[in-house]
Amino acid sequence: TVSVLYWRGEEVGGGGVAMTEKLLGGKKKQEEDQRTFTVQSYDENTKKYCENGIRTSKYSFIPLSYRFVLWKNLFEQFHRYANCYFLLVATLQLIPGLSPTGRFTTLIPLSNVLFITFLKDAYEDYKRHKRDGEVNNQSVKTFRQGSWQDVKWRDLSVGEIVEISRDVSGGEFPADLILLHSSEEQGLCHIETSNLDGETNLKLRKAHFENPKSSVAPFNASKPGSFVGTLQCEAPNKDLYKFEGKLIRGDRPEDTSAVNFDSILLRGAKLGGSTKKIMGMVVYTGRQSKLMMNQQDSRHKVSNLEATTNSQIIFILGMQLTLCSICAVGLGISTSSFTDHWYLSAEDLNPVTTALTGVGTFIILFNNLIPISLYVSMETVKIIQAQLMGTDLTMYHEESDTPCEARTSSLNEELGQVQYIFSDKTGTLTCNIMDFLKFSVGSQSYGTGTTEIGRAAAMREGRVLHDDRPKSVKPIKGFYFYDEKISDVTGEQRKWNWMSQPNTAEIAHFLKVLAVCHTVVTEEGTDESGKPSLEYTAASPDEACLVAGARFLGVQFAARDATDVTISVNQLDGSKVDEKWKLYEVLEFNSDRKRMSVIVRDPKGVLMLLCKGADSVIFERLIKPKDEHEVQMRKTTTATLERFAEEGLRTLCIAQVLLKEDVYADWSPKYKAAQEAIGGREQKLTEVGEMIEKDLVLIGTTAIEDKLQEGVPATIELLRTAGLNVWVLTGDKQETAINIGFACSLLHNAMKLFKFEEGSSREKVTSDLSKFKDEAMNIAKADPEKDQGVVIQGATLVDITADEAPQVNKDNFLDFTKHCKAVICCRVTPGQKAEVVRIVKEGLGKVTLSIGDGANDVAMITEAHVGIGISGLEGLQAARASDYSIGQFRFLRQLLLVHGRWSYKRVVKVILYSFYKNILLYLTQFWFCLFNSFTGQSLYDRWALASFNVLFTALPIVAVGVLDRDVDPKRIMSLEQFPELYDEGRLSKLFGTKVFWGFTFTAVLQSMMCFFLPMVVLTESVDSSDGRALGMHWMGGTAYTAVVWVVNLKCALETRSFTIANHVVTWGSVGMWYVFLVVYGNLWSTLRIGQDWYGLASMILLDPQHWLTWILVVVIALFRDVVWKFYSRTFRSNLLHKVQDWEALERNGILSDFNYALMQREHPEVLPRSRIKEKPTMKAVAVEEVVSPAVAPITVSNPPMNEAQGSGAHNVQGAHNEMSQQHLQPPPNQPHVAHHHYPYRRHTGFAFSQGPNQVEIMASKIDGTPVWATSARPSRRALKVRPGEVSIGGLVDSSGGSSSGRKTSHKPLYSAEKSSRSPSYISAQPHYVHPSMQSSVHHTLGPAGSPQMVVHSSNPAGQPANHNHNPLDYER
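None of these values were measured; they are calculated from a predicted model. (Residues numbered from 1 in each chain as written. Predicted model: local features only at pLDDT ≥ 70, side-chain atom pairs only at ≥ 80, totals over all residues. Heavy atoms only, no water.)

J.: Help me out: how do you make sense of the sheet that holds strand 30 (residues 752-755) in this one?
T.: Two orientations exist for strands paired in a sheet by backbone hydrogen bonds: parallel and antiparallel. A sheet is described by the order of its strands in space; here nine strands give the open sequence 16-35-34-33-17-29-32-31-30, paired in mixed fashion. In this open sheet, the two strands that pair with only one neighbour each are strand 16 (405-406) and strand 30. Judged from the five bridges that link them, strand 17 (residues 418-423) and strand 33 (residues 847-852) form a sheet pairing that is parallel. Directly across from serine 423, in strand 33, lies its bridge partner isoleucine 851. Packing of helix 20 (residues 762-782) onto the sheet brings it into contact with strand 30 and strand 31 (788-793), and relative to strand 30 it is tilted by some 175°. (Pairing = 2+ DSSP bridges. Helix = DSSP H or I, 4+ residues; strand = E, 2+ residues; numbered from the N terminus. Contact = heavy atoms within 4.5 Å. Axes fitted to C-alpha atoms, helices over the stretch in contact; angles between N-to-C directions.)

J.: What's the story with the sheet that holds strand 11 (residues 245-248) in this structure? I'm lost.
T.: Taken in spatial order, the four strands line up as 3-10-11-12 in an open sheet, and their pairing is antiparallel. In the strand order of this sheet, the two ends are held by strand 3 (34-38) and strand 12 (256-259), each with one partner. Sheet twist, expressed as the mean angle between neighbouring strand axes with direction ignored, is 15°. Relative to strand 10 (residues 230-234), strand 3 runs antiparallel, the two being bridged by five bridges. Within strand 10, the residue paired with arginine 35 across the bridge is cysteine 233.

J.: Help me understand the packing of aromatic side chains, please; the structure alone is not making it clear to me.
T.: To describe a pair of aromatic rings, one takes the distance between the centres and the angle between the planes. For the coordinates displayed, the defined rule picks out 59 aromatic pairs. Plain terms: the ring middles of phenylalanine 926 and tryptophan 927 are 5.2 Å apart, the flat faces sit at 65° to each other, and that makes the pair edge-to-face. Considered together, phenylalanine 926 and tryptophan 927 belong to a single accessibility category, that of buried residues. Counting every residue linked through ring pairs, the aromatic cluster contains Phe362, Phe366, Phe926, Trp927, Phe928, Phe931, Phe1011 and Phe1012. In this structure, arginine 971 packs its charged tip against the face of phenylalanine 1154, placed 3.9 Å from the ring centre. Here lysine 1050 stacks its cationic end above the ring of tyrosine 916, 5.8 Å away from the centre of that ring. (Phe/Tyr/Trp six-rings, centres within 6.5 Å; stacked < 30°, edge-to-face > 60°. Buried < 20%, exposed > 50% of the residue type's maximum accessible area, 1.4 Å probe, protein only. Lys NZ or Arg CZ within 6 Å of the ring centre and 35° of its normal.)

J.: I would appreciate a short explanation of the packing of helix 27 (residues 942-952) against helix 31 (residues 1032-1053) in the present structure.
T.: The angle between the axes and the distance between the axes are what describe a pair of packed helices. It is at 12 Å that the axes of helix 27 and helix 31 come closest, and there the two elements cross at 20°. Here helix 27 is positioned roughly parallel relative to helix 31, judged by the angle of their axes. With respect to the hand of their crossing, helix 27 and helix 31 are arranged in right-handed fashion. Taking contact as the criterion, the partners of Ala944, Leu945, Phe948 and Phe952 in helix 27 are, on helix 31, Tyr1040, Val1043, Val1044, Val1047 and Asn1048. (Parallel < 35°, antiparallel > 145°, perpendicular 65-115°, else oblique. Left-handed = near helix turned anticlockwise from the far one by under 90°.)

J.: Could you clarify how one ought to interpret helix 12 (residues 504-516) in this entry?
T.: Under the 1.5 Å per step criterion, the end-to-end length of helix 12 is 18 Å for 13 residues, consistent within 8% with the ideal 18 Å. Among the 13 residues in helix 12, ten count as buried, and that is most of the element. (Expected span 1.5 Å × (residues − 1).)

J.: Help me out: how do you make sense of the environment of glutamate 184 in this one?
T.: The residue glutamate 184 is located in the loop between strand 7 (176-182) and strand 8 (188-192) in this model. Assessed through its relative accessible area of 18%, glutamate 184 is described here as buried. In this structure the C-alpha to C-alpha distance between glutamate 184 and lysine 276, which are 92 residues apart in sequence, comes to 8.0 Å. Discounting residues that sit within four places of it in the chain, glutamate 184 has contacts with Cys189, His190, Ser274 and Thr275.

J.: What is the right way to look at the pattern of salt bridges in this model?
T.: Here the idea is simple: oppositely charged side chains can pair when their charged atoms come close. The tally for this structure, following the rule as stated, stands at 53 salt bridges. Lysine 833 is paired through a salt bridge with aspartate 424; the nearest N and O atoms lie 3.1 Å apart. With lysine 833 in helix 23 (residues 830-844) and aspartate 424 in the loop between strand 17 and strand 18 (430-441), this residue pair connects regions lying 409 residues apart in the sequence. Here lysine 833 and aspartate 424 have matching classes, each one buried. The partner of arginine 720 in a salt bridge is aspartate 787, with the nearest N and O atoms 2.9 Å apart. Within this pair, whereas arginine 720 is found in helix 18 (residues 712-721), its partner aspartate 787 is found in the loop between helix 20 and strand 31, the two being separated by 67 residues in sequence. As far as burial versus exposure is concerned, arginine 720 and aspartate 787 are alike and both buried. (Salt bridge = Lys/Arg side-chain N within 4 Å of Asp/Glu carboxyl O.)

J.: Just to check I follow, could you spell out the environment of histidine 1137 for this structure?
T.: With respect to the element layout, histidine 1137 can be found in helix 36 (residues 1135-1147). With relative accessibility at 13%, the residue histidine 1137 sits in the buried group. Counting along the chain gives 29 residues from histidine 1137 to valine 1166, while the straight-line C-alpha distance between them is 9.1 Å.

J.: Teacher, can you tell me more about a nonpolar patch on the surface here?
T.: Together, Val1016, Val1017, Trp1107, Ile1111, Leu1112, Val1115 and Ile1116 line one region of the surface with nonpolar side chains, adding up to about 570 Å² of accessible area. Mapped by element, the contributors of at least two residues to the nonpolar patch are helix 30 (993-1018) and helix 35 (1104-1131). For the nonpolar patch, the element with the highest residue contribution is helix 35, accounting for five residues. By the secondary structure assignment, valine 1016 is in helix 30. (Patch = residues over 30% accessible without salt bridge, like charges linked within 9 Å, V, L, I, M, F, W, Y side chains within 5 Å. Areas by Shrake-Rupley, 256 points an atom, 1.4 Å probe, with all protein chains shown as cover.)

J.: What should I look at first to understand the pairing of strand 23 (residues 564-570) in this one?
T.: Looking along a regular strand, one sees side chains alternate from face to face of the sheet. Within strand 23, seven of the seven residues are buried, which leaves the element mostly enclosed by the surrounding structure. Note: strand 22 (residues 555-560) against strand 23, five bridges, orientation antiparallel. When the sheet's bridge partners are listed, valine 555 is paired in strand 23 with valine 569. Linking strand 22 back to strand 23 in an antiparallel pair, the connection comprises three residues.

J.: Teacher, can you tell me more about the side chain of arginine 681 here?
T.: Tracing the chain through its elements places arginine 681 in helix 17 (residues 681-692). Of the buried charged residues, arginine 681 lacks a salt bridge, with glutamate 244 as the closest side chain of opposite charge at 4.7 Å. Within the local environment of arginine 681, its side chain forms a polar contact with the backbone oxygen of glutamine 675, the two atoms lying 2.7 Å apart. (Lys, Arg positive; Asp, Glu negative; His and termini not counted. Polar contact = N/O pair within 3.5 Å; in protein donor to acceptor, adjacent residues only side chain to side chain.)

J.: Sorry, what's going on with the nonpolar core here?
T.: Where a protein is soluble and globular, its nonpolar side chains tend to be buried together. Ranked by internal contacts, the top residues of the largest apolar core, which has 89 residues, are Phe362, Phe366, Tyr940, Tyr1040, Trp1073 and Trp1093. No other element matches the 18 residues that helix 26 (residues 891-929) contributes to this core. For tryptophan 1073, the contacting residues outside a window of four places in its chain are Phe952, Gly1037, Tyr1040, Thr1041, Val1044 and Trp1093. The next biggest cluster of nonpolar side chains, apart from the first, holds 64 residues, and it includes Ile421, Val791, Ile824 and Leu1136. (Core = buried A, V, L, I, M, F, W, Y, C linked by side-chain atoms within 4.5 Å.)

J.: Honestly, the environment of valine 836 in this entry has me stumped. Any pointers?
T.: Of note, valine 836 is situated in helix 23. For valine 836, a relative accessible area of 1% gives the class buried. Measuring from C-alpha to C-alpha, the distance between valine 836 and alanine 864 comes to 10.0 Å, with 28 residues separating the pair along the chain. Setting aside its immediate chain neighbours within four residues, valine 836 contacts Phe422, Trp727, Leu729, Leu797 and Thr801.

J.: Just checking my understanding: could you explain unusual backbone geometry for this structure?
T.: The phi angle at aspartate 401 is positive, at roughly 55°, despite the residue not being glycine. Note on aspartate 401: relative accessible area 52%, which makes it exposed. The phi angle at aspartate 695 is positive, at roughly 55°, despite the residue not being glycine. Its place among the elements puts aspartate 695 in the loop between helix 17 and strand 28 (697-708).

Shown next as structure tokens:
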């Protein structure tokens, strides 16, 4: 039910009831359950429904209006608590004798903020007024009083017939219309909806079709006045994708026809494509049109960081009130002792009254303990951060011209705190570009080739899959099928081989069903050669792919109208035969039904229902098997579906049922009634569909490939390594979902995978949850680094996430899944996606992120803390409903690990620093109260205080919030680097109650130093120029100078990457203080302001005591910060510290590069967790054949360089082959250089370590994973190295030097862990080997999968030397 407010006319003044109604927003009409109006009844409809004029402006410029810009804007601004707080302070300051900082030092800044905001809002609203006028005054043709007339858009009324032309107003629709006529054939109309949903692709609409049996003539474009009737439809609502209506043209049932969304043209859309002109009937006008009803702000999300900040503000407010109470009590006590000081004239003061009055004074004095600059700084930083995201070219998708778009800036820091990612599959992890790959008919399956997912699944089982399609077979517009038994499309002439198969009739019928059972629309186009060709437009890529598949296999969908579907069937002789199938009903697909059906009559006159859908819904509607043959066929089909699913293919089942005439005749009126229902139409159609979609006979299946997007596996593996939990929510069946999980690196063989049984009862689900929870907890306790995952079906989730589900199931589910790094939910509906996100968000209290690309993902996107939309082939509904949108899933890693992490760290610094600097400054006022009898006297000038947050401290922290970088982005964007650095935000290490009050404590200490040190130093000092004692303002100026220096240098200490901008704003802010001191200190003589500090600059700036004092304060105040940072980096260093240190070495040229493997070797204690690697499952398979060195000399090859090879000092570059067989005479005293590489596949380098009784040899993979081999130590004689021979020892560096022949302090590169044995190297006489020489290494797998390492090296003469070692421990 929608409440409709009715208010016609322009803004007018007045009083009494009329004015009251205007102030309340208009007269409230009777609630409208549904709308019923007479077609072309202008006078009646004008009185009943709102006008078509729109108003998007917020304010009115008429003073008597309740929307008058001045007071409505002020009312909105004072909804902000900060403005109310400072208004209270400004009011207290106006009370005479109460304010120690002047009467207008808060009111003037507050008024400026309010006035600037008012001007901005008023100007923006003025532009909206202009746009509204331009829109409302456009012209449109409408049929009135027997003729076409040009009227203004604002004068249109419900029920009128309008003509829309591309030549007038660009073909825009002035209201929500029902399409009655189009200039194109079959009543089709192409429209652009970018203003509605942001989608740039054309949409197709169809003119309303009336029942052919109606006794009333349909709409005639040449006689629009003859079109009469009554329309019943749903009340105005916001749903852009649904419409329920019924057009009544006469008294007979045949004169009634259902009006569906396919015939609706919404305001905001316009004509597109080849459509030149249409006619339509107005159904919703003005603010009741769907576009205007959607003109509202989306649900406001508040980041966890901001919520935590708000809670800390409450504590700071309590701290402020505590200080005020202490000072007020002190004032009361001091006042009671004033009688001893006759010169104060305080005999008549009441201590209690004075103390109560003093509360207001101290509230004013300490008012900026809550920083007024916090929100300004934070919003400025966030807006700039959002702009930087949009300009990041690493997140720009060139193919679709899609940059990253931040639709909100309030959640930037939330991107750096994500723990759970919930992802859709189709279009999000996959490309959503479908290729018809395989199908089955009866018990026979057809189609060759494999998929990326299928190859990954086979590899896990130790099998190798090859694509057996000929190389000449290429994908053609959704078709990548090859099977010589069916067709041959490799040549210019297509051959339909299926026509000579034994089951030709079954295959032909199967293809005809594909060509008939759909809602695809044809358009004239051209093929790749430029020849005329039919193009298919469909609601989903799957449906277009199936129709294209039938077309390329010889059965082409040719045309459709309201009553017939025409297909063209190729014959064996090359001719074509057209067939017309009579179309009666279309039972459309939706995400709940998971199927679509058509009721047709074939050319032979057989009435049948054709159905296609998910196997889970088709199999449960199949007729009971009549014989063993049908039972066997279903078993075969089930096995075929499982095989297709293992390859990651999207499967559908095709079925049919022959209908009896009386059954259809009895069912048809029920379906017509459901079609015409107003309210709950979709549910009623589903219920009626169930009545006839039963007793189906299975015909066959289809399998479509949807390839993974580029970079998906690497992105998911990187995110999981960063500590995030990834959940995939998909409608696919379990086998498909699992294989896709393995293909995209969500699952791996070393993972403990839990599976729920399909079709389990609620009791079984409860039992399994309890059992799985206990097992997962035990595994986590025994091996915290063990990865765990779970696969669960949508039917099982009903007993967990639904409102009526037992609470114990939800609790156990959360306790269980929080130990799982990967969760796959298959066969889930859009509603279940949102339910899963909600229970995790509310139950675990972690930051959640949902990412999807379609309208069915909108619910989970809006439910999560952060919603990410992908601008994909399913439109932009998800992107428009999201907080951030990107072009591809792989850009998520840059958005989270780089921008999200940076934003979190930067915003944290902005918040902490904003509180820190204000607490430091205003606590010096509190310390001063201890020495002025709590009178509330300010130590500083009033305008110096007002300028503190504006001139002297604002810009440095903004620069940090926008530009600060702690490490190079590449250090977190690769598995070979350190994605674990994301833990800082994910685990909220940098902001919380402990950190906040740590900064507060620092501010308290430094405020004491900034006050007490100047007081101690200057109390007994005198002015060197005239010998007078230094006064309060002298000390205040010195203390204020110290505060400005301390807070700006503190900001510099918290800065991790200094740029020119940082230097300019930091030193500029300090310099601005001296400019202010000089200029303001001399204004009293001219402007009569600044009396207290008049001439202060010339006194203190020329006094050495002032300079020595503030320098002493700065050194002592910041000494603790410097010492703490040194201590933390030296004795409590973490991963970030080590990465920063090594980056500094790299910048200075000391270190060429470094990676995770080197960090694991040198500083394993700083790594937050170990990385789990997948165990190989392949059996005894030869990886590389060993070439006997006795037969053939070693051929030295240079493996591809990568980051792992370039780590630390191990940096071997250049071409080595050319001199590999040359005998080089070593120059005298030249040290030996030995290069050790592993040229095969993923292994990149060797390191050697010699212990007392054994030798360790280690190879590292590209991702840094070490592989060790240990052998008994050879005898000293065997290790002896003669001149001219190659040593096994030695540490290679980038300069080509070596430590061979003597002890070294260096450790072997890439070691997995620190060995208990100190490394030593083989002693040998110095000799020389040309840098081009290196060892050649071959790797074979021995019996039963036991690998054996064989190291071949050669001396300068080319003579080989072998070193065999024990089997490698791959698990280690």
